[in-house]
Protein chains: 2
Amino acid sequence: MAKKQMTKSPLAPQSTPVLPKIEGVEFAVGSNGFYGDRNDVFIARFAEPASAAGVFTRSSTRSADVDWCRQALENGGGIAHGVVVNAGNSNAFTGAAGIAKNDATVAAMCELIGCDESNVFLAATGVIGEPLEPNLVANKVKEIWPSLGSASLNDVGAAFMTTDTFPKASHVQVNMDGADVRIAGVVKGSGMIMPNMATMLGYIFTDANLSPAVCQALLSRFTDETFNCITVDGDTSTSDTVMLFATRKSGPYIDDLSDPQLEAFATGLRSLMHDLAVQIVRDGEGATKLIEIAVEGAVSDASAKIIASSIANSPLVKTALAASDANWGRIVMAVGKTDQPVEREAISIWFGDIQVAENGMRAANYSEEAASKACQAEEIFIRVSVGAGAGEATVWTCDLTHGYVDINGSYRT
Amino acid sequence: MAKKQMTKSPLAPQSTPVLPKIEGVEFAVGSNGFYGDRNDVFIARFAEPASAAGVFTRSSTRSADVDWCRQALENGGGIAHGVVVNAGNSNAFTGAAGIAKNDATVAAMCELIGCDESNVFLAATGVIGEPLEPNLVANKVKEIWPSLGSASLNDVGAAFMTTDTFPKASHVQVNMDGADVRIAGVVKGSGMIMPNMATMLGYIFTDANLSPAVCQALLSRFTDETFNCITVDGDTSTSDTVMLFATRKSGPYIDDLSDPQLEAFATGLRSLMHDLAVQIVRDGEGATKLIEIAVEGAVSDASAKIIASSIANSPLVKTALAASDANWGRIVMAVGKTDQPVEREAISIWFGDIQVAENGMRAANYSEEAASKACQAEEIFIRVSVGAGAGEATVWTCDLTHGYVDINGSYRT
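Values in this document were obtained by computation on a predicted structure and should not be read as measured data.

A. Representation of the pattern of salt bridges in the model. Counted according to the given criterion, the structure contains 24 salt bridges over all chains. Ionic pairing is found between Lys101(A) and Asp65(A), a salt bridge with its closest N-O pair at 2.6 Å. Pair noted here: Lys101(A) is in helix H2 (residues 95–113) and Asp65(A) is in helix H1 (residues 64–76), with a separation of 36 residues, a long-range link. Residue Lys101(A) is classed as buried on the basis of its relative accessible area, which comes to 1%. For Arg182(B), the salt bridge identified is with Asp207(B), shortest N-O distance 2.9 Å. Highlighted residues: Arg182(B) in strand E6 (residues 179–188) and Asp207(B) in strand E7 (residues 201–210), separated in sequence by 25 residues. According to the relative accessible area criterion, Arg182(B) is partly exposed, its value standing at 23%. Each of Arg62(A), Asp67(A), Arg344(B) and Glu345(B) takes part in salt bridges that share partners, so that together they form one network.

See the structure below:
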């Protein structure tokens, strides 16, 4: 069951940031051997009840863990005492066995913590459809429980990777009414990445003193603008989960979204989520280029996002860019294939500052050399104006290479 | 501008059928040098006015040629005197230059034939967004006009290929009220293939004596069940065109869809269109496997087609099958990512006769060995039951391989 060792993505950041300690939460990690010696389980335990919020996959074949978290958030009023996440098996499409694994895992945590079931949150990522031995994760929880506090959030970020080639971490510090407040997060994901959401798990912790409702509102809003604007292959996972936990150890108590003291926090959280989202694209399976696609002039922001996603998911666009080919005709194709209103004779396209198409045809001063040069860069910026309104959206993706075919032809077996 | 020579698809039929002559139509072919010495232009000329029908891309960035044909069918009442098709340049996204090329080409045909503009039909396939010299095709028409009758329909099928690795041809003969009636067709297309429709051009000729309205009704109905049920990469062309021409030389005159004499013809036409559609998938860029995906138990046939297409277009499913990996969890993912209603706990999946999932989890008698064996075949049959109703649909696709990345990273430059 050991997975092939992946080469680190050429788009990986130079180094992984060292995350600060968030007061009020402790971590432990362990291994069930799904990835050789590497850790593949983490648990989090909150010293006191933390505010919790979550955003989950909209897949109709979502995992039992996603069902569990949705229900727990509703039943428990958004209060967290503990978290258990395992990698190597997604616990999706596993029927009664999937529920049994969750029940055993939650029971173990409740007994150790002395909390209610709905205060424990779960996630699993990896192969779909292979039932887990129901007590496998629960037994690991009991085993690593005594080591709580020994693992850092960086260790957590390394413990739930699947085909990821580097751990993804980000943090910010903001000032709220004179108090220093920290936000730190880790995510995993590199394939099966597409709104809504990606094949991703994300855990963000803050010591801010926010109510569950405020956490949920901010997380939902910014997920739409960050994690839901990235795509690697247009495929959507059965396990996507992003959660935000506030340990309430620092800063003023805020229970009202319109509270001006929230502004700095919101800005910081959005920036952290954007950073983590782009890191996922940088680890896109087989990726050699990071591609930003900005669409403007659509009839609405939602329409712009559909058009941008159509470009971002087009295999023909992605293979051309892999070869540094400024094949902008394929962008025209990808704009045209959606059912969104556009004004064909007003469509213009740019690679960075280089305009390649204007008003429905090749730009008058088109230079193949200049366009090619813009596509040779490691980061490519595509802008498309579709002339139908004022809607705009930006999405991030990567190219489609031999590496993607290699990784996904050999992932499971 | 010469394109890389492609290796013949391993899924290509053993041989190309020799098409019968259809009385009442003559062909000529020529080359503008887009593919070295190979022909890249064909013209068709009808001895007497033929009934014409067409189905075209729904792309909002469709080519000037598609606009032309739609308008001509409407203005001319579905009567054809001539056809001109060129490969190597799609004449899409070319603004005024695109219209000028069409005007010049149509004018040349009208002068040679002595017919009205709306009796001439056009198509172009190839690179998007590069304006053609307006008289290039018109001059070629005049040059090859004297050789009309020298080219066969098989020659036509070879003259409009782009990245195709083999010519695609099919024919049937049916009996209508005691008379032999022939139907013969050629198509091109191997990438940018997705409903609706594929990057495909298709020309079907028959000597049947059908009215334009009957031709259009049959072509539209069967396109939905054949050419609109195939996908290579989920990308949709700006030039897709399928046309049916009836020279009216044989059999009873039919102007009424409910005429029982039409039955044999309709059956033959559907069978021919299905054969041609599957041939396109067999030439899918980089394809090594032909994959049939049948979805049943959806809330409607339309819903089943959306779910089947989601599976057929999933890069994760297609890369797994390229590696003969029976990774049915990815099929679960692809079912889940659509917004179509399914009953998760009732989903079952088969590879050929081998059931791999039943009622929302791995099949009780699941055998990895048997499933893998089914995926090692050159033709893979996937059946998915989603437990929500009586809707069903079948689509055809191919795997996603290194070959696809190679071809599309080097097609244009």
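That was the structure; now back to the text.
B. Fine view of the sheet that holds strand E11 (residues 354–358) of chain B. All names here are of chain B. The six strands are arranged E12-E11-E10-E13-E9-E14 in an open sheet whose pairing can be described as mixed. For this open sheet the edge positions go to strand E12 (361–362) and strand E14 (391–398), each flanked by a neighbour on one side alone. Looking at chain direction, E11 and E12 are connected through two bridges and run antiparallel. Following the sheet pairing, Glu358 is matched in E12 by Met361. Contacts from helix H6 (residues 263–282) reach strand E9 (290–298), strand E13 (379–385) and E14 within the one sheet, and its direction differs from that of E14 by about 45°.

C. Representation of the packing of helix H5 (residues 212–225) of chain A against helix H6 (residues 263–282) of chain A within the structure. All names here are of chain A. Put simply, H5 and H6 touch, their axes get as near as 10 Å, and they point 40° apart. Between H5 and H6, the interaxial angle falls into the category oblique. Handedness of the H5/H6 crossing: right-handed. Along its contact with H5, which presents Leu218, Leu219, Phe222, Thr223 and Glu225, the element H6 presents Phe265, Ala266, Leu269, Arg270 and Met273. Class assignment for the residues of the contact of H5 with H6 results in seven nonpolar, one polar and two charged.

D. The sheet that holds strand E11 (residues 354–358) of chain A, seen in detail. Strand order in this open sheet of six strands is E12-E11-E10-E13-E9-E14 (chain A), and the pairing throughout is mixed. Where the open sheet ends on each side, the last strands, each with one partner, are strand E12 (361–362) and strand E14 (391–398) of chain A.

E. Local environment of the relation of the copies chain B and chain A. With an RMSD of 0.0 Å, the fit of chain B onto chain A corresponds to turning through 180° and sliding 0.0 Å along the axis. Here the transformation between the copies is reduced to the relation of a two-fold axis. Of every C-alpha in chain B, the one belonging to His402(B) sits nearest the axis of rotation, 2.8 Å from it. Comparing contact sets, 100% of the residues at the interface of chain B also lie at the interface in chain A, consistent with an isologous, same-surface contact.

F. Structural detail: the interface of chain B and chain A. Listed by partner, the interface residues are 62 residues for chain B and 62 residues for chain A. Of the roughly 4,900 Å² buried between chain B and chain A on both sides combined, carbon and sulfur atoms contribute 57%. The interface formed by chain B and chain A includes two salt bridges. Of the charged contacts in the structure, one is a salt bridge between Asp67(B) and Arg344(A), with a shortest N-O distance of 2.6 Å. Counting the contacts that link chain B with chain A gives seven residue pairs in polar contact (both at pLDDT 80 or more). Breaking the side of chain B that touches chain A down by element, the ones donating at least two residues are helix H2 (95–113), helix H8 (315–322), helix H9 (329–336), E12 and helix H11 (402–408) of chain B.

G. Region of interest: the domain arrangement of chain A. All names here are of chain A. Parsing chain A into structural domains produces domain 1 (25–282) and domain 2 (290–410). Relative placement of domain 1 and domain 2: their C-alpha centres are 33 Å apart. Domain 1 puts 15 residues into the contact, and the matching count from domain 2 is 13 residues. Buried surface at the junction of domain 1 and domain 2, both sides included, amounts to about 1,200 Å², of which 59% is carbon and sulfur. Viewed at the interface, domain 2 and domain 1 are joined by one salt bridge. A salt bridge links Glu379 to Arg282; its shortest N-O distance comes to 2.6 Å. At the boundary of domain 1 and domain 2, one finds four residue pairs in polar contact (both at pLDDT 80 or more). For the side of domain 1 that touches domain 2, the secondary structure elements donating two or more residues are H5 and H6. Per-element accounting of the side of domain 1 that touches domain 2 gives the leading share, four residues, to H6.

H. View of the UniProt feature "binding site: substrate" (unreviewed entry) in chain A. Residue and element names in this part refer to chain A. Per the UniProt record, the feature "binding site: substrate" (unreviewed entry) sits at Thr162, Lys188, Thr199, Glu285, Asn408 and Thr413. Looking at where Lys188 falls in the secondary structure, it is placed in strand E6 (residues 179–188). A polar contact is formed between the side chain of Lys188 and the side chain of Thr162, at a distance of 3.0 Å. One can find Glu285 in the loop between H6 and strand E9 (290–298). Using a relative accessible area of 5% as the deciding quantity, one classes Glu285 as buried.

I. H8(B), seen in detail. Across the eight residues that make up H8(B), a large majority, seven, are buried. Remark: Ser324(B) follows H8(B) within two positions and exhibits a positive phi of approximately 55°.

J. Here's a closer look at the environment of Arg362(A). By secondary structure assignment, the location of Arg362(A) is in strand E12. Among residues more than four places away in sequence, those in contact with Arg362(A) are Trp328(A), Val356(A), Ala357(A), Phe93(B), Gly129(B), Glu130(B) and Pro131(B).

K. Spatial organisation of the pairing of strand E5 (residues 168–176) of chain B. Residues and elements named next belong to chain B. Bridging between E5 and E6 involves nine bridges; their strand directions are antiparallel. Its bridge partner lying in E6, Val174 is registered against Val181. Between the antiparallel neighbours E5 and E6 lie two residues, among them Asp177 with a positive phi of about 55°.

What counts as what
- Residues numbered from 1 in each chain as written.
- Chains lettered and ligands numbered in written order.
- Predicted model: local features only at pLDDT ≥ 70, side-chain atom pairs only at ≥ 80, totals over all residues.
- Heavy atoms only, no water.
- Salt bridge = Lys/Arg side-chain N within 4 Å of Asp/Glu carboxyl O.
- Helix = DSSP H or I, 4+ residues; strand = E, 2+ residues; numbered from the N terminus.
- Buried < 20%, exposed > 50% of the residue type's maximum accessible area, 1.4 Å probe, protein only.
- Pairing = 2+ DSSP bridges.
- Contact = heavy atoms within 4.5 Å.
- Axes fitted to C-alpha atoms, helices over the stretch in contact; angles between N-to-C directions.
- Parallel < 35°, antiparallel > 145°, perpendicular 65-115°, else oblique.
- Left-handed = near helix turned anticlockwise from the far one by under 90°.
- Nonpolar A, V, L, I, M, F, W, Y, C, P; charged D, E, K, R; others polar.
- Least-squares fit on C-alpha atoms with pLDDT ≥ 70 in both.
- Buried area = accessible area lost by both parts, 1.4 Å probe.
- Polar contact = N/O pair within 3.5 Å; in protein donor to acceptor, adjacent residues only side chain to side chain.
- Domains from an automatic or database assignment.
- UniProt positions renumbered as here; feature names shortened; annotations may be inferred.

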